[in-house]
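# Structural features, examined
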Amino acid sequence: MKAIGYLIIMQMKNRILALKRQPAKMIGYIIFTLTIIGLIVLSIVVPRDSEDIKLADPRIIYLALVALGLFFLTIYVGSGLSTGSTLFSMSDVGFLFTAPISSKKILLYGLLSTFGRSLLSSVFIIYQVFNLRFNFGFGSSEIIALLAAYTVMVLIGQLLSIAIYLFTNGKPQRKRLVKTLMIIGGIGLAIVLYITYIQEARSIKNALYSVADSGWIGYIPFGGWALMLFKGLLEGHVLNIVLSTVFFLGTGLAVILTLASGKADYYEDVLVSTEYIFKAQLAMKEKKTTVHAVANEKNRKRVKEGQRLKGTGVKAIIQRQLLELRRRNRIPFINGYTIMASLIAAVVGAKAGGSTGAAFGMFGFLVYMQYFLTLFNPLSTEIKSPYIFMIPEPARKKVLAASLVSFIKPCVDALIIFTVFAVAGGTDPLSALLLAIGYAAAGSIFIGLAIINQRIVEGQPNIFLKAILGILVLVFIIVPAVVFVVLTSMILDEQYVFISMLPFSLYCFLVTGLIFLLAGDVLDKMELK
Amino acid sequence: MLSVRGVTKKYAKVLANDNINFDVSSGEISVLLGPNGAGKSTIIKCIAGLLKYTGSIKVNGHDNKSIAAKRELAYIPEVPAPYPMLTVWEHLEFIARAYSLSDWTGDAQVLLERFEMDDKKKKLGSDLSKGMQQKLSLCCGLLPRPRLILFDEPMIGLDPHAIKQIKDIIVEQKNAGGAIIISTHMLDSVAEFWDTTHIMMDGRIEASRRRSDGTENEGLEDLYFEIVESKRQAKRAEQENNTNGSKEN
């Protein structure tokens, strides 16, 4: 254990010493620590019977804990089905796994480091001390109980992920079994929730609170167990504490015993996951997106017969993007975002009906989301790649071709999302069409922005300057469009207010055209990095 | 020193190593050659004890996953991954502790000087360039004076001085009775000192040669292309036969 002890102590020491070279990080940590200390002191100073303390419904916390637990369960089962989880780093593989140290000691080191990380991640709960004290009347014992439930949940979650990986790796039937069990569980929970919703006079809030406060929820893995442990500690209910501890420890011990029973064979079980995480970290360091770096490992796609490139010159760029898109998504241009945004549109449409405010609110939110999606879309990577510089075609044509597929995406999204919105809310088709055009127009301006950023922002060596310039360019370009909407909507009657989307869209398309005209030669001006 | 018998490694449906058999004696440099995806790194990882397999791997008579075997074995991975929060010197101290070495500081100093790393002792792993990380990985591997060293593409990313040092060290280890396995694509880099070579394709050893049997005159590169190309042609012919056969049916 001498070597492992040395490793842990030295890493901790150097992590603290490294802060000397990162003053901004050190100040951040100091502020964070002082804030936590301040919050703890304040919550101790204020007596529990103070008038300032409100006693909000504790079921809110129960619900949050169950929801968090179910979220973790889904994430850990998902990672168990793909790459598994890991207790180790790639450095451990190179230096520890091959060293003459007992594999059980190495496993203990992995467990301890993971436990430490889980404990650190639970700091956010301490950050909520003030809130929990003043809004829920929680004292230190309740907060410690919450911390304990959360930490155990995260630690055992990692082990569960390894267990699922061990059980399903290379066995498609078992993978299907786990997936089916998860789906059955999800459907079961949804049915119970629906019945409770009917019983609670169709109030979603009351239905959720009722489910979170029920006795049976404690038997649902993770979220339920964590809640049972928390309530047990809170109410001094010994049976609940014992049961939930048995569930958590039982799962954890089963995995640890399985790992420890087969000499050092768990090395391989964590190797895939460790290598996957290492590659992702390396890619982030090299400023590639994680998705690009590890997609080949995780989502190997089959190449179908008949899928081939067409066209010459700049058409080849478009055809290549389309080919990749067909391989990436089952239905080209429709992905998780399309479905999620359509669901939002359906809910807003059904709840708010023809409300103009709700429609504009949803439009604004979706455009905001779209901005971030455009930031991470392949176009920014595409115009930085060496091959596009080398294609013997004019720069403007190449940039236009490289952007075309990116531009089709918001158009398809707009069509689907606002059709759903119109159908669900009974909004008139013309208004929905105008919103859809506005959404597509916003998409076009964001694509233009990606191009212009290459000219103005990318050359800046300072990352803060880059961020500030990026935001300034966005504001400078988009503000007039918003002003057009506000002004025209003020003039128009309530029933014609959606016509204000027309000047907005027109402005966006015109500015996008202008950007391509003025900055389309970006490939001739910028430097390959 | 090393005995590999009937080692088979499967990743789901992919057969990465198919019934691999070979031995490496003390004072022998054995080179694994083969195109990408041939299974070279997989067999190296199996020998290092990182993967599960069927078959048997013995290091100096010990099961390769035993502590006794690990005392004799060093593994230099293709992609170095030092601890980001340990300095260069602390990496060496950690290895010394892990292998229970005594009087190691002199050896560590010599290794660092050979790889021109003696001025980087206080640098953190995260602050090292890729080449420096590879040099550190080599120093850590060599510090316990292993009797069997596994090199997975050891010369990628290194400067000419470091490449020369590695070559010198490999020959020194051989002369001191060490066994060495090198997996590489760079045929020229091992041409001057190899003793045995195993050419791998599709997870199998397709051919094994000894320099002492007169293969030296033939040259490693000619041998490699002769074997790999003839296997590829045979494979293509087999595929064509299968296609023709299925068309006729």
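Now for a description of the structure that goes with this document. All figures in this text were calculated on a predicted structure; none of them were measured in a lab.

Reading the values: the criteria
- Residues numbered from 1 in each chain as written.
- Chains lettered and ligands numbered in written order.
- Predicted model: local features only at pLDDT ≥ 70, side-chain atom pairs only at ≥ 80, totals over all residues.
- Heavy atoms only, no water.
- Pairing = 2+ DSSP bridges.
- Helix = DSSP H or I, 4+ residues; strand = E, 2+ residues; numbered from the N terminus.
- Axes fitted to C-alpha atoms, helices over the stretch in contact; angles between N-to-C directions.
- Parallel < 35°, antiparallel > 145°, perpendicular 65-115°, else oblique.
- Left-handed = near helix turned anticlockwise from the far one by under 90°.
- Contact = heavy atoms within 4.5 Å.
- Nonpolar A, V, L, I, M, F, W, Y, C, P; charged D, E, K, R; others polar.
- Salt bridge = Lys/Arg side-chain N within 4 Å of Asp/Glu carboxyl O.
- Buried < 20%, exposed > 50% of the residue type's maximum accessible area, 1.4 Å probe, protein only.

Below, the discussion takes up the sheet that holds strand 4 (residues 54–59) of chain B. Residues and elements named next belong to chain B. The sheet built from four strands is open, its strands ordered 2-1-4-5 with antiparallel pairing. The sheet is open, and its two borders are formed by strand 2 (14–24) and strand 5 (62–63), each paired with just one other strand. By the bridge criterion, seven bridges tie strand 1 (residues 2–11) to strand 2 in an arrangement that is antiparallel. What sits directly across from Lys9, in strand 2, is Asn17.

To continue, consider the packing of helix 2 (residues 23–45) of chain A against helix 7 (residues 129–136) of chain A. All names here are of chain A. At a closest axis distance of 8 Å, the pairing of helix 2 and helix 7 adopts a crossing angle of 20 degrees. The pairing of helix 2 with helix 7 is recorded here as roughly parallel in orientation. Seen from above, helix 2 lies across helix 7 with left-handed handedness. Here Leu39, Ile40, Leu42, Ser43 and Ile44 of helix 2 lie close against helix 7, whose contacting residues are Val129, Phe130 and Arg133.

Residue and element names in this part refer to chain A. The interhelical angle for the contact between helix 1 (residues 2–18) and helix 5 (residues 103–121), taken along N-to-C directions, is 25 degrees, at an axis separation of 11 Å. Taken as axis vectors, helix 1 and helix 5 run roughly parallel relative to one another. Judged by the twist between their axes, the crossing of helix 1 over helix 5 is right-handed. Residues Ile4, Leu7, Ile8 and Gln11 of helix 1 lie in contact with helix 5, whose contacting residues are Lys105, Ile106 and Tyr109. Here the contact of helix 1 with helix 5 is composed, by residue class, of five nonpolar, one polar and one charged.

Below, the discussion takes up the pattern of salt bridges. Within the structure shown, the criterion is met by 20 salt bridges over all chains. Put simply, Glu90 of chain B and Lys13 of chain A hold a salt bridge, and the shortest N to O gap is 3.3 Å. A residue pair is termed interchain when its members come from two chains, as with Glu90 of chain B in helix 3 (residues 88–98) and Lys13 of chain A in helix 1. With a shortest N-O distance of 3.1 Å, Glu324 of chain A and Arg320 of chain A are connected by a salt bridge. One end of the pair, Glu324 of chain A, and the other, Arg320 of chain A, are both in helix 15 (residues 314–328), four residues apart, so they sit about a helical turn from each other. Under the relative-accessibility criterion, Glu324 of chain A is labelled partly exposed at 36%. Arg320 of chain A gets classed as partly exposed once you look at its relative accessible area, which sits at 22%. In this structure, a network of salt bridges that share partners links the residues Asp18, Arg204, Glu206 and Lys231 of chain B.

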